[in-house]
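# What the coordinates show
One-letter residues, chain by chain:
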Amino acid sequence: MSAFSTSDDGVLADVAAALVDARGVVLWCSPAAAGLLDRPAGGIRGRSVLRLFADPAERPTALPAAGDTPGTRTARLTGGSGRAVAVRYRVLPTASPARFLVLAVAADRDARAEEGTALLRALLAQDGIGFVLRDTELAIVRSNLDAAAFEGLPFATGSRLPEGVQAQDAVKAETALRDLLETGEPVVARELRATTRGNPAKEWSFSVSALRLENARGRPAGVAVMFTDATAHFEAARRLELRHRVSTAIGRSLDVGRTAQDIADVLVPAFGDLAWIDLAEPVMVGDDPPKAHGGGDLHLRRAAVRTAHGDWPANLFPEGAVIPPFPDSPLIRLFQEGRAVVADRADLERALTDPVFLRAAAPDAGHSLAVAPLFARGVVLGVAGVWRTERPEPFDRRDTELLTEIAAHAALAVDNARRYTREHRAAAALQQRLLPRATTRTATLETAGHYLPAAGGAEIGGDWFDVIALPSLRTALVVGDVTGHGLHATATMGRLRTAVQTLADLELAPDELLTHLDGLVARLAAEADPAHRDTIGATCLVVVHDPVAGQCTLASAGHPPPLLAAPDGVAAPVPVRPGPPLGVGGLPFETTTVDLRPGSLLALYTDGLTARHGSDVDRIATRLTDLRRSERSLNALGRALVAEGAHLPVRDDTVLLLARTDALRAGALAHWEFPADPAAVATARSVAAVKLAEWDLDELAFTTELIVSELVTNAIRYAGGPVGLRLIRDTVLVCEVSDPSNTQPRLRRARTTDEGGRGLFLIAQLAGRWGSRYGVSGKTIWAEQALPT
């Protein structure tokens, strides 16, 4: 039974009824009458109804005759407790002239009923507000609309939503109304979208409010639904929201690929069901796109795709695919002029005559296509295309205008990313040219350097590393980080690297090298614009490896400590006492010396690597230990270490320099010590010749004896003893003579009449290179000769 029928718990349940005779005596009364007067039914029957009136003036003077129009009157009746009960009543004649039917309700109940009737009458009379009463089965009981109002929506009495609305829309709407019937929670201004069966290409948007109706016992009796056509309002709101998303989501990244994906993500599902972004191939690497007019190869590559549901269709061009040449057509020319184009499937079939191309360009269910060029600075950078497959309405003029606006904003973002890519690539190439070879290898040391530029839109930085071969098989390892970013940081890095190489050639100790470098940075800051002086500075770490001594000596200018892993141990930071960053001045730099057994691993890095590992040096050490156990090559180990955190937008360059030590070949070193006696010169020549014979280097015996003779003679004559002689055989033959003097040897050209002064000149002619260095006490003069082929 319908919830709106006159059942015992319906709207008539509170109506009191009584049958009276011509004298007004009550012959029968209903239970509702007894309840209304708070009297037992037996106390009412047999009494005159006129005696129940509390005010005699309100008593009727006559009963209606047959054919009279009954009227409704108000009176106060005396209840069982003596209180007055206000009622609204009506006296109706019956078929018997001696019998009359009296109907009454409480006066306030009648007033509420009249107000409800007036409200219902007003709602049913509205034109701008749709009003529908539905029973508990969601069938229509009353409505102020007909089917013509919304192109086929059902409003006839007894009809339900599935009769005129697409199935999926009807299910959503009825689900919401059933939830309302169950919970009683009102629906307020909810957007419901529906497509009618009569016009499936038109989608309506309604602002719906609904509440549950209840009977006298509080049980659900139906729902009252009020709604307005908000299609235009919600469309405008969605367009405004889409514009807002475009302004906030597109242009956040300076990566061309990421920007293209942001464009596709904004367009789907807000604008269409499937979107793709094609970019000119030169744009993706930072170059200018080619200029073209008409059909042909536009050099496009699919940069990003997005679909509202499921995976990208397999038949369409996937991300990364090269788009084939287009045939010449009016649509292509409009597109190249910077104008958005809207086409249906038939238009596309006429433009793309190749069925294979058409299948790869159009989804199977695609019925409407909107295409807009990414047009900036007079050239087409790419194209944004959107298909509608599930949304029934085709693109219209307003959609075209909106897509044109989105494409204009997107084109600027793509062009900014393209220009940044070009500048970043140029700066990175410059910095790469300023860095040394990534890997080096000698008999006693293998190195592998890795450099990663900053990510997340940051400019190129001034991080660098260097591996400098020093005499006597020693090697200087250098890592530095210039303050700031950009080309000026790269230029400063180049100047500092050149200075480090020059100072290293002087064979200065690491602390002395940093002292000279600190003075250079201070001079660079003094030469800079006063507003930029505070931005000129650097940190630097210098390590000198001596395989003969099996040690490394290092000094730091505000740089993170290196990591050292023994051949059979775990990696840990080297305890270094760092000095101030370069350019600060005022404090000395201190050296630290640590033993390096063959097979030890040393890692020097910049703070970009620590940022990739959560700014935790111990975490880097743990990871280095784990990777080292995998027995990877040094280069592969470094790649794996810098790959950690590659997804993070680290806004600083990353430099990692790994060095693995090795032992000198057995018997490659010989050392002697002589007193300050001129006779020791002959002995020194003799032992050197014998050792060269053992090494099968007789070809170098003559020149080596001359070098030994000159260096030992000078040491005995000008420095005193003891005098040390050391020969080292590796890829070159090194001859070293040490003495206790700190006097700097100088090469000069002797005159014809001079009796001496030709020793160092002779050494310079015989050796491939020569030089000197100072120790804690005294100096060492060395000379190198290339080994015979």
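What this report covers is the structure whose coordinates are included nearby. Everything quoted here is computed from the prediction, not taken from an experiment. (Residues numbered from 1 in each chain as written. Predicted model: local features only at pLDDT ≥ 70, side-chain atom pairs only at ≥ 80, totals over all residues. Heavy atoms only, no water.)

### Some words on the overall build of the protein
Within the protein, the regular secondary structure consists of 18 helices and 31 strands. Here the protein holds 789 residues, and the buried ones make up 46% of them. When contacts within the protein are restricted to residue pairs at least 6 apart in sequence, long-range pairs at least 24 apart make up 61% of them. Summed over its atoms, the accessible surface of the protein is roughly 38,200 Å², and 53% of this surface lies on carbon and sulfur atoms. (Helix = DSSP H or I, 4+ residues; strand = E, 2+ residues; numbered from the N terminus. Buried < 20%, exposed > 50% of the residue type's maximum accessible area, 1.4 Å probe, protein only. Contact = heavy atoms within 4.5 Å. Areas by Shrake-Rupley, 256 points an atom, 1.4 Å probe, with all protein chains shown as cover.)

### Brief notes about the pattern of salt bridges
Applying the stated criterion to the full structure yields 39 salt bridges. Residues arginine 474 and glutamate 507 are paired through a salt bridge, measuring 2.5 Å at the closest nitrogen-oxygen approach. Taken together, the positions of arginine 474 in the loop between β18 (461-469) and β19 (475-485) and glutamate 507 in the loop between α11 (487-505) and α12 (510-527) put the pair 33 residues apart, joining distant regions of the chain. The class of arginine 474 is buried, set by a relative accessible area of 11%. (Salt bridge = Lys/Arg side-chain N within 4 Å of Asp/Glu carboxyl O.)

### So, the environment of proline 436
Relative to the assigned elements, proline 436 resides in the loop between α10 (397-434) and β16 (439-441). Here the alpha-carbon distance between proline 436 and phenylalanine 465, two residues 29 residues apart in the chain, equals 7.6 Å. In contact with proline 436, other than residues within four places in its own chain, are Phe465, Asp466, Val467 and Arg497.

### Regarding the packing of helix α16 (residues 680-694) against helix α17 (residues 701-718)
In the contact formed by α16 and α17, the axes pass within 9 Å of each other and the chain directions differ by 150°. Viewed along their axes, α16 and α17 adopt a mutual orientation that is roughly antiparallel. As for the relative orientation of α16 and α17, their crossing is right-handed in sense. Across the interface between the two elements, Ala680, Val681, Ala684, Arg685, Ala688, Ala689 and Leu692 from α16 touch Ala701, Thr704, Glu705, Val708, Ser709, Val712, Thr713 and Ile716 from α17. Looking at the contact of α16 with α17 residue by residue, the class counts come to 10 nonpolar, 3 polar and 2 charged. (Axes fitted to C-alpha atoms, helices over the stretch in contact; angles between N-to-C directions. Parallel < 35°, antiparallel > 145°, perpendicular 65-115°, else oblique. Left-handed = near helix turned anticlockwise from the far one by under 90°. Nonpolar A, V, L, I, M, F, W, Y, C, P; charged D, E, K, R; others polar.)

### Description of the sheet that holds strand β10 (residues 220-229)
Think of a sheet as strands paired side by side through backbone hydrogen bonds, with each pair either parallel or antiparallel. Read from one edge of the open sheet, 5 strands run β7-β6-β10-β9-β8, paired in antiparallel fashion. Every other strand in the sheet has two partners, leaving β7 (140-143) and β8 (187-195) as the edge strands with one partner each. When strand polarity is set aside, the average angle formed by the axes of neighbouring strands in this sheet is 30°. Where strand β9 (residues 203-214) lies against β10, 9 bridges are found, and the strand directions are antiparallel. From the neighbouring strand, arginine 212 faces β10, where its bridge partner is valine 223. Contacting β6 (130-134), β8, β9 and β10, helix α3 (residues 167-183) runs over the sheet at an angle of about 20° to β9. Each of β8, β9 and β10 touches helix α4 (residues 231-249); the most contacted strand, β9, lies at about 115° to it. (Pairing = 2+ DSSP bridges.)

### A few points about the side chain of threonine 259
Mapped onto the fold, threonine 259 is located in helix α5 (residues 256-267). We classify threonine 259 as buried; its relative accessible area is 0%. A polar atom in the side chain of threonine 259 sits 2.9 Å from the backbone oxygen of aspartate 255. When near neighbours in sequence (up to four residues on either side) are disregarded, threonine 259 contacts Ser253, Ala413, Val414 and Ala417. (Polar contact = N/O pair within 3.5 Å; in protein donor to acceptor, adjacent residues only side chain to side chain.)

### Looking at the environment of alanine 18
By the element assignment, alanine 18 lies in strand β1 (residues 16-21). Relative accessible area serves as the criterion here: at 14%, alanine 18 is assigned to the buried category. Between the C-alpha atoms of alanine 18 and serine 30, which are 12 residues apart in sequence, the distance is 6.3 Å.

### Quick word on the packing of α10 against α11
At a closest axis distance of 10 Å, the pairing of α10 and α11 adopts a crossing angle of 5°. Here α10 lies roughly parallel to α11, going by the angle between them. Where α10 approaches α11, its residues Ala427, Leu430, Gln431 and Leu434 are matched on the opposing element by Leu487, Thr490, Met493, Gly494 and Arg497. Residue composition of the contact of α10 with α11, grouped by class: 5 nonpolar, 3 polar and 1 charged.

### A short note on the pairing of β18
Burial runs high along β18: 8 of the 9 residues are buried. Alignment of β18 against β19, held across 9 bridges, turns out to be antiparallel. Within the sheet, the bridge partner assigned to tryptophan 464 lies in β19 and is glycine 480. Connecting β18 to the next strand, β19, in antiparallel fashion are 5 residues, including serine 472 with a positive phi near 65°.

### Details of the packing of aromatic side chains
Applying the stated rule across the entire model yields 5 aromatic pairs. Judged by centre distance (6.0 Å) and plane angle (75°), the ring pair of phenylalanine 53 and tyrosine 89 falls under edge-to-face. With a gap of 36 residues between them, phenylalanine 53 in the loop between α1 (31-37) and β3 (73-78) and tyrosine 89 in strand β4 (residues 84-93) connect regions that are remote in the sequence. In terms of burial, phenylalanine 53 and tyrosine 89 fall into one category: buried. (Phe/Tyr/Trp six-rings, centres within 6.5 Å; stacked < 30°, edge-to-face > 60°.)

### A look at the nonpolar core
Core analysis: the largest hydrophobic core is formed by 52 residues, its most contacted members being Trp464, Leu477, Leu496, Leu517 and Leu582. For this core, the element with the most residues is α11, which contributes 7 residues. If we ignore the near neighbours within four places in the chain, the residues touching leucine 582 are Leu514, Leu517, Asp518, Val521, Gly537, Ala538, Cys540, Ala557 and Phe589. (Core = buried A, V, L, I, M, F, W, Y, C linked by side-chain atoms within 4.5 Å.)

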